[in-house]
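These are the residues of each chain, in order.
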Amino acid sequence: MKRNWNIDRRHFLRGAAGALVPLPFLNLMENAVAKNLAGEAEPPLRFMTLFKPNGVHPPSWNINGGTEFDFRMSPLMAPFAKHRDDLLILDNMGDFGFSSHANSARRFLAGRCDNTKTASVDQFIADRIGGDTPTRSLELTTEGLFTNQIGCSYISYDEKGDPIPRESDPQLIFDRLFRNPMSDPAQRARMSSLLDRVSDDARALRRKTGREDDETLDEYFTVLRETEQRLETMGQAASAVRTEFSKLERPAPAANLNEQVETMLDLVALAMWTDQTRCISYMLGNSNSRMIFDFLGVKEQHHYLSHFFRNFSRHNIDGLLKISLWHMEKFDYLLNRLKSYKDHHGTLLDHSIVLFGSGMGHSDNHTAQRIPIVLAGKGGGRLKTGRYLRYSQNQDLSRLHLALMRNFGIDVAEYGGATEPLPGLDGGAFDEYRERPFESWTKVEGGKMTVQGRLRMSDNLDEAKVFYLDVAGQQPVRIEIEFKDFHDFNFPYHVGTPIRLTGTVAEKDGRQVLTKISDLKSVFGNSKPNTRNG
């Protein structure tokens, strides 16, 4: 008699004290999962976002001079450069004007800061792909609430546009995902290893599995055991340095921020691998994060350092870049985790779409232009990765969100003011940025200079608040302006574009330096970046 050993995708290992352990995809589940049009088993599609607070230092982040397939990743991208073939790097994302911290948080998953009466894109996707997963979606954070401007603390919003509470404790999230809820924290702390409690059921399952499934189960049980041990070690390491509050009973905190975040990312990957949820949003910090990264040797708040023009010193810019590199390393850590897990006939990353980025571009002037946005994962073949897409004109993030919803099979006509999805994600045609020829020149009369050229920031970290206008055939014009001009003219918005600038010049170290702006015009178009409150 032929036996059918197939098990359901929602199969759990069961054990003592009501223990339930979900499983990753096994070959035994092949006939129990959804089928595509060809009649083949189709893995579930996952969506995850990783939010980076406080924008970026543009010269360290921006790619300049690259094309779709021929580009060099920037210095800040170095930590995840090895994943290039799994990435879609998007450029010229955003809109005009200044972006507050709260607006940049709303923009990240809602497209526009004024899109306040509807759900964020992750919640639309969660409704579509949640299926029968135990947890419809997870909203996670690393930082507590910023009560002075509460909007800075959220990126996910419900169907009414209201913020969705976040979770930040890895131990409680682990319990929620992989242990039955228990009302007594002391009882939870006394529980033996989760795997020990389901060992009998695990042995019974192994009698049905083949070699490939055995390898998957070995990997899964190892990861689960390591996660448990890491959570226990977190508490031991922290207990030596924290004050003992005998009357408070809660899971022990991480020893430092890095440990907390990596443990959280472990849980993110584990939750998606075991199909506990298919949609997760995670904030590495509030959009104006005040965290101090002392474990990196940085003693100042991240928000203070992000204003590197007005608070300029080489010490401060070095601290800012250490923090930004750490954010990039955590993105790399997540991608490594997702790629390490086998899922159907590929990896977990192959069947996921991961959105990484921020809600603003230039961290000091809060530009809503050239917002850092990267997509990772092939989305089950829906995305064509290994490319750099720099669009010819600014693209509202709402167009990206509309495109993502279409990729997840969500049929909506409009989102955040966008009626056309962002093109090019699937390898199709898009209007690529091309350099346009223009004349450059300088004219000096008395103490006034008018100059036409392409504006750029200095890439020398010792002069991070200095700008240059490149003029053909002559030395670039150096620009050293005060914060008022920097802010009032939204100066960083024009970086990378040709402008005509009029202002006051002074002699410094044998060269003329423009020190005060009286007029600024864009050579191409008639954009007025200050007319829209981003």
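Here the structure is a predicted model, which is why all the values come from computation and not from measurement. (Residues numbered from 1 in each chain as written. Predicted model: local features only at pLDDT ≥ 70, side-chain atom pairs only at ≥ 80, totals over all residues. Heavy atoms only, no water.)

(A) Representation of the overall build of the protein chain. Check the secondary structure of the protein chain and you find 13 helices and 17 strands. Evaluated residue by residue, the protein chain yields a buried proportion of 56% over its 534 residues. At a minimum sequence separation of 6, the contacts of the protein chain that also span at least 24 residues come to 72%. In the structure as shown, the protein chain presents an accessible area of about 22800 Å², 48% of it carried by carbon and sulfur atoms. (Helix = DSSP H or I, 4+ residues; strand = E, 2+ residues; numbered from the N terminus. Buried < 20%, exposed > 50% of the residue type's maximum accessible area, 1.4 Å probe, protein only. Contact = heavy atoms within 4.5 Å. Areas by Shrake-Rupley, 256 points an atom, 1.4 Å probe, with all protein chains shown as cover.)

(B) View of the side chain of T142. Looking at the element boundaries, T142 is found in the loop between β5 (138-141) and α4 (170-178). Judged by relative accessible area, which is 8%, T142 ranks as buried. In terms of polar contacts, T142 uses its side chain to reach the side chain of Y282, at 2.9 Å. If near-sequence neighbours (up to four positions away) are discounted, T142 is found in contact with L257, Q260, V261, Y282, M283, L284 and M291. (Polar contact = N/O pair within 3.5 Å; in protein donor to acceptor, adjacent residues only side chain to side chain.)

(C) Main features of the sheet that holds strand β3 (residues 46-51). As summarised here, the arrangement of the 7 strands in space is β5-β6-β3-β9-β10-β4-β11, forming an open sheet in which the pairing is mixed. The two strands at the open ends of the sheet, each matched to only one other strand, are β5 and β11 (387-395). When the angles between neighbouring strand axes are averaged without regard to direction, this sheet yields 15°. Contacting β3, β6 (279-283), β9 (352-357) and β10 (373-376), helix α2 (residues 101-110) crosses the sheet at an angle of about 160° to β3. (Pairing = 2+ DSSP bridges. Axes fitted to C-alpha atoms, helices over the stretch in contact; angles between N-to-C directions.)

(D) Spotlight on the environment of E482. Here E482 lies in the loop between β15 (477-479) and α13 (483-488). Linking E482 and K465, residues 17 residues apart in sequence, is a C-alpha distance of 9.5 Å. Leaving out residues up to four positions away in the same chain, E482 has contacts with F309 and T515.

(E) Structural context of the pattern of salt bridges. With the rule as written, the count across this model stands at 27 salt bridges. The partner of D127 in a salt bridge is R136, and the shortest N-O contact between them spans 2.9 Å. According to the relative accessible area criterion, D127 is exposed, its value standing at 57%. The residue D318 makes a salt bridge to R314 at a minimum N-O spacing of 2.9 Å. A residue pair is termed a helical-turn pair when its members lie 3 or 4 positions apart in one helix, as D318 and R314 do in helix α11 (residues 314-340) at 4 residues. Linked through salt bridges whose partners overlap, the residues forming this network are E463, R478, E480 and K508. (Salt bridge = Lys/Arg side-chain N within 4 Å of Asp/Glu carboxyl O.)

(F) Main features of the environment of R370. Residue position: R370 is located in the loop between β9 and β10. With a relative accessible area of 6%, R370 lands in the buried category. C-alpha separation for the pair R370 and G359, spaced 11 residues apart in sequence, amounts to 9.9 Å. The contacts of R370, once residues within four sequence positions are left out, are N62, I63, N64, D91, N92, M93, G361, Y388 and R390.

(G) Molecular detail of the packing of aromatic side chains. For the structure on display, the rule yields 17 aromatic pairs. Ring geometry for F293 and F295: centres 5.9 Å apart, planes at 45°, overall tilted. Their ring planes at 35° and their centres at 5.8 Å tell us that F483 and F486 sit as a pair that is tilted. Remark: F486 and F483 occur in helix α13; sequence separation between them is 3 residues, near one turn of the helix. The class of F483 is partly exposed, set by a relative accessible area of 29%. Taking the relative accessible area as the measure of exposure, F486 reaches 0% and is therefore buried. Following the ring pairs from residue to residue traces out a cluster consisting of F309, F467, F483, F486 and F491. When the ring centre of Y154 is taken as reference, the NZ or CZ atom of R166 above it lies at 5.3 Å. It is R390 that lies over the ring of Y433; its NZ or CZ is 3.8 Å from the centre. (Phe/Tyr/Trp six-rings, centres within 6.5 Å; stacked < 30°, edge-to-face > 60°. Lys NZ or Arg CZ within 6 Å of the ring centre and 35° of its normal.)

(H) Representation of unusual backbone geometry within the structure. Even without being glycine, N92 reaches a positive phi, approximately 65°. A positive phi angle, close to 50°, is found at D509, a residue other than glycine. Relative to the elements of secondary structure, D509 occurs in the loop between β16 (498-508) and β17 (511-522).

(I) Spatial organisation of the nonpolar core. Within the largest apolar cluster, 76 residues are counted, with the highest numbers of intra-cluster contacts made by F331 and L501. The greatest single-element share of this core, amounting to 11 residues, is contributed by helix α9 (residues 257-273). Formed jointly, this core draws a minimum of three residues from each of two domains, domain 1 (18-179 + 249-407) and domain 3 (441-533). Those residues in contact with F331 that sit more than four places away from it in its chain are L50, F80, L87, V354, F356, V374 and A376. M93, I129, L355 and A403 belong to the second largest nonpolar core, which has 41 residues in total. (Core = buried A, V, L, I, M, F, W, Y, C linked by side-chain atoms within 4.5 Å. Domains from an automatic or database assignment.)

(J) Quick look at the packing of α9 against α11. The N-to-C vectors of α9 and α11 enclose an angle of 30°; their axes lie 9 Å apart at closest approach. By the angle class used here, α9 and α11 are roughly parallel. Handedness of the α9/α11 crossing: right-handed. In this structure, α9 uses L257, N258, V261, E262, L265, D266, V268, A269 and M272 to contact α11, whose residues at the interface are W326, K330, Y333, L334, R337 and L338. Tallied by class, residues from the contact of α9 with α11 come to 10 nonpolar, 1 polar and 4 charged. (Parallel < 35°, antiparallel > 145°, perpendicular 65-115°, else oblique. Left-handed = near helix turned anticlockwise from the far one by under 90°. Nonpolar A, V, L, I, M, F, W, Y, C, P; charged D, E, K, R; others polar.)

(K) Region of the structure containing the pairing of β17. Relative to β17, β15 runs parallel, the two sharing 2 bridges. Looking at β17, one finds that R478 is bridged to V513.

(L) Here's a closer look at α2. For α2, a buried count of 10 out of 10 residues is recorded, marking the element as mostly surrounded by other parts of the structure. Buried within α2 are the following residues: H101, A102, N103, S104, A105, R106, R107, F108, L109 and A110. Residue G111 follows α2 closely and has a positive phi angle near 85°.

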